[in-house]
Amino acid sequence: MAAWWNGLAIPQGETMSSIKRILVTGGAGFLGSHLCERLVAAGHDVICADNFFTSQKSNVAHLLDSPNFELIRHDIIHPLWLEVDEIYNLACPAAPGHYQYNPIKTMKTSVMGAINVLGMARRCRAKVLQASTSEVYGDPEVHPQPESYRGAVNPIGPRACYDEGKRAAETLFMDYHRHNGVNVRIVRIFNTYGPRMHPFDGRVVSNFIRQALAGEPITIFGSGSQTRSFCYRDDLVEGMIRMMNGPDDFVGPVNIGNPGEFTIRQLAELTLELTGSKSQLVEKPLPVDDPERRRPDITLAKTRLGWEPTIPLRDGLAETIDWFRSVRMADFRAPTPNY
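Definitions and cut-offs
Residues numbered from 1 in each chain as written. Predicted model: local features only at pLDDT ≥ 70, side-chain atom pairs only at ≥ 80, totals over all residues. Heavy atoms only, no water. pLDDT = per-residue confidence, 0-100. Contact = heavy atoms within 4.5 Å. Helix = DSSP H or I, 4+ residues; strand = E, 2+ residues; numbered from the N terminus. Buried < 20%, exposed > 50% of the residue type's maximum accessible area, 1.4 Å probe, protein only. Polar contact = N/O pair within 3.5 Å; in protein donor to acceptor, adjacent residues only side chain to side chain. Pairing = 2+ DSSP bridges. Axes fitted to C-alpha atoms, helices over the stretch in contact; angles between N-to-C directions. Salt bridge = Lys/Arg side-chain N within 4 Å of Asp/Glu carboxyl O. Core = buried A, V, L, I, M, F, W, Y, C linked by side-chain atoms within 4.5 Å. Right-handed = clockwise from strand over helix to strand, strands pointing away. Parallel < 35°, antiparallel > 145°, perpendicular 65-115°, else oblique. Left-handed = near helix turned anticlockwise from the far one by under 90°. Nonpolar A, V, L, I, M, F, W, Y, C, P; charged D, E, K, R; others polar.

So, about the confidence of the model for the protein. Residues at a pLDDT of 70 or more form 94% of the protein, whose mean pLDDT is 91. Counted against residues more than four places away or in other chains, residues 1-7, with its pLDDT under 50, gives ten contacts.

Moving on, we come to the side chain of Asp 75. With respect to the helices and strands, Asp 75 occurs in the loop between strand 5 (69-73) and strand 6 (86-89). In this structure Asp 75 comes out as buried when scored by relative accessible area, which is 16%. In terms of polar contacts, Asp 75 uses its side chain to reach the side chain of Asn 51, at 3.4 Å. Residues in contact with Asp 75, not counting those within four places in the same chain, are Asn 51 and Lys 105.

Read from one edge of the open sheet, seven strands run 5-4-3-6-7-8-13, paired in parallel fashion. Bordering the open sheet on either side are strand 5 and strand 13 (254-256), each of which pairs with just one other strand. Ignoring strand direction, the axes of neighbouring strands in this sheet form an average angle of 20 degrees. Packed onto the sheet, helix 1 (residues 30-41) meets strand 3 (21-25), strand 4 (45-50), strand 5, strand 6 and strand 8 (183-189) and runs at close to 170 degrees relative to strand 3. Across the sheet, helix 4 (residues 160-180) is in contact with strand 7 (127-133) and strand 8; its angle to strand 7 comes to roughly 155 degrees.

A separate point is the pattern of salt bridges. Inspection of every chain in the model, using the stated rule, returns 21 salt bridges. A salt bridge links Arg 178 to Asp 175; its shortest N-O distance comes to 2.9 Å. Within this pair, Arg 178 and its partner Asp 175 are both found in helix 4, separated by three residues, close to a single helical turn. A salt bridge links Glu 308 to Lys 302; the nearest nitrogen and oxygen atoms lie 3.9 Å apart. Salt bridges here are not isolated pairs; linked through shared partners, they connect Lys 20, Glu 86 and Lys 127.

Leu 35, Tyr 88, Val 205 and Met 240 are the most contacted members of the largest nonpolar core, which has 60 residues in total. Not counting residues up to four positions away in its chain, the partners in contact with Met 240 are Leu 35, Tyr 88, Leu 90, Leu 129, Val 187 and Ile 189. Counting residues in hydrophobic clusters, the runner-up holds 27 residues, among them Ala 49, Ala 114, Val 128 and Val 182.

Within strand 8, six of the seven residues are buried, leaving the element largely enclosed by the surrounding structure. For the segment spanning strand 7, helix 4 and strand 8, crossover handedness is right-handed. Where strand 8 meets strand 13, three bridges bridge the pair, whose relative direction is parallel. Opposite Ile 189, over in strand 13, you have Ile 256 as the bridge partner.

A few words on the environment of Arg 150. Looking at the secondary structure, you find Arg 150 in the loop between strand 7 and helix 4. Residue class for Arg 150 comes out exposed when judged on its relative accessible area of 73%. With ten residues separating them along the chain, Arg 150 and Pro 140 place their C-alpha atoms 9.1 Å apart. What Arg 150 contacts, discounting residues up to four positions off in sequence, is Val 136 and Arg 167.

Before going further, it helps to spend a moment on the packing of helix 5 (residues 204-214) against helix 9 (residues 313-326). Following both chains from N to C, one finds helix 5 and helix 9 inclined at 55 degrees, their axes separated by 10 Å at the closest point. With respect to helix 9, the axis of helix 5 lies oblique. The hand of the helix 5/helix 9 crossing is right-handed. Of helix 9, the residues touching helix 5 (which contributes Val 205, Ser 206, Ile 209, Arg 210 and Leu 213) are Leu 317, Thr 320, Ile 321, Phe 324 and Arg 325. Its residues placed into classes, the contact of helix 5 with helix 9 shows six nonpolar, two polar and two charged.

Structure (structure tokens):
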């Protein structure tokens, strides 16, 4: 039988000493909400902080009645004073149209946000995980990309606010680790998809599904020959949790993504097949500094975390399409005028 504490059923195998106070910044976003869900289900005391710029309160509405979940409206560029054991720092707009809408604010979120969560971790002696990105590799000259590759990033281009912001955050994490002894973790997240993606986030998966279901032309930027790897949300969240719970001598960075490589045109064709849509493919000019190829080398994640993705693109895309069919587009608004 389950034990009880403060009205909570402690999951089998857990003890009161293993229950943690965990802060998730950006916790109402696509990935953050699924992470909160996993941590709440494990019995942890979870605090979700979000400013709701690109996220949806509806993503975590089902958790609000849980006695071990708390929601705070807060912008992480400002200090937040909490007592916690672990911090997952996911706060930052991640879609190009969103992070380019206010590039200075994007850079502040990455840099000031990192400083604030690292300061909290230092004060509380908490573990803190940085959700970094494959964008730190820029338009890579090495393929697939291992963690040792330093990247080819344009520091003055329109994507630099995000790319360089995340690179600066990694620098801060390592400096706090080396000079202040903060227990850090860094994961580099590659393209991720799944239910609760914002329909108007401008990412290729959500764009294609939304356009296909509406019978609109499917927009392909460039020829469609550029490649991406697509990791389903459940696999990604599992990778983050394993990294947080991994050995203290492994701080990363570590790539978390699916090494399966698909062209954008292949993704569009699979979306048409799974939706049964008759939409036509339409090509538009490729955005500035858009990477031609993107695929993670996950050798490190396999060897140190025992992690690799398990959900094929066809299966994950079908689940995502089912979710898009289940929601009303009228309930969502584009966070920026870009879409």
